[in-house]
Amino acid sequence: MTATAGAAIGGGTGAGGSGSRRGRATITLVLVGAAVVVLVLIGLAAPATRNDGDPLDPTSTTATGTKAAVELAGRLGADVDVTSELPGDD
């Protein structure tokens with residue numbers, strides 16, 4: 001009677017036993033591993049399209065641009081001239 005009770009609880013190796021659990025765990029691990037590999041390959045194949053432009057560009061609103069500083073200085077009353085020439089020896 002104890003053998004029947006053990007099989008009914010799930011102690012056997014038949015359907016619903018530890019053997020099928022191990023198979024499901026293996027399949028799950030394989031699928032998760034395959035998904036990780038696919039995501040890594042997509043990440044490596046995707047082009048890096050981020051272009052922040054020229055550093056300290058006074059017309060650029062990107063992270064390396066200074067358009068906000070130029071506009072803020074102008075609103076605070078500064079005389080702002082945006083040129084591509086270096087200042088003289090005044």
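Described below are features of the structure shown in this document.

Reading guide: rules and limits
- Residues numbered from 1 in each chain as written.
- Predicted model: local features only at pLDDT ≥ 70, side-chain atom pairs only at ≥ 80, totals over all residues.
- Heavy atoms only, no water.
- Helix = DSSP H or I, 4+ residues; strand = E, 2+ residues; numbered from the N terminus.
- Buried < 20%, exposed > 50% of the residue type's maximum accessible area, 1.4 Å probe, protein only.
- Areas by Shrake-Rupley, 256 points an atom, 1.4 Å probe, with all protein chains shown as cover.
- Salt bridge = Lys/Arg side-chain N within 4 Å of Asp/Glu carboxyl O.
- Patch = residues over 30% accessible without salt bridge, like charges linked within 9 Å, V, L, I, M, F, W, Y side chains within 5 Å.

In this section: the overall build of the protein chain. Looking only at helices and strands, the protein chain features 3 helices and 0 strands. For the protein chain, the succession of helices and strands along the chain, N to C, is α-α-α. Here the protein chain holds 90 residues, and the buried ones make up 2% of them. Summing over all exposed atoms, the protein chain offers an accessible surface of approximately 7,800 Å²; the carbon and sulfur share of this is 63%.

As a further point, take the side chain of Ser60. Summarising the element assignment, Ser60 is placed in the loop between helix 2 (18-45) and helix 3 (67-75). A relative accessible area of 11% means that Ser60 is categorised as buried.

Next up on the list: the pattern of salt bridges. What the rule picks out here adds up to 1 salt bridge. Across the salt bridge formed by Lys67 and Glu71, the nearest N and O atoms sit 3.9 Å from each other. Of the two residues, Lys67 and Glu71 are both situated in helix 3; the distance of 4 residues between them amounts to about one turn of the helix.

Another point: a nonpolar patch on the surface. Together, Val32, Val36, Val37, Val40, Leu41 and Leu44 give the surface a local cluster of nonpolar side chains, amounting to about 570 Å² of exposed area. Considering the arrangement of structural elements, one finds Val32 in helix 2.

Moving on, we come to the environment of Val80. Tracing the backbone through its elements, the reader meets Val80 in the segment after helix 3. Counting along the chain gives 10 residues from Val80 to Val70, while the straight-line C-alpha distance between them is 7.0 Å.

A few words now on unusual backbone geometry. Residue Leu56 is not a glycine yet carries a positive backbone phi of 60°. With respect to the element layout, Leu56 can be found in the loop between helix 2 and helix 3.

Treat this as a map of the structure, not an account of what it does.
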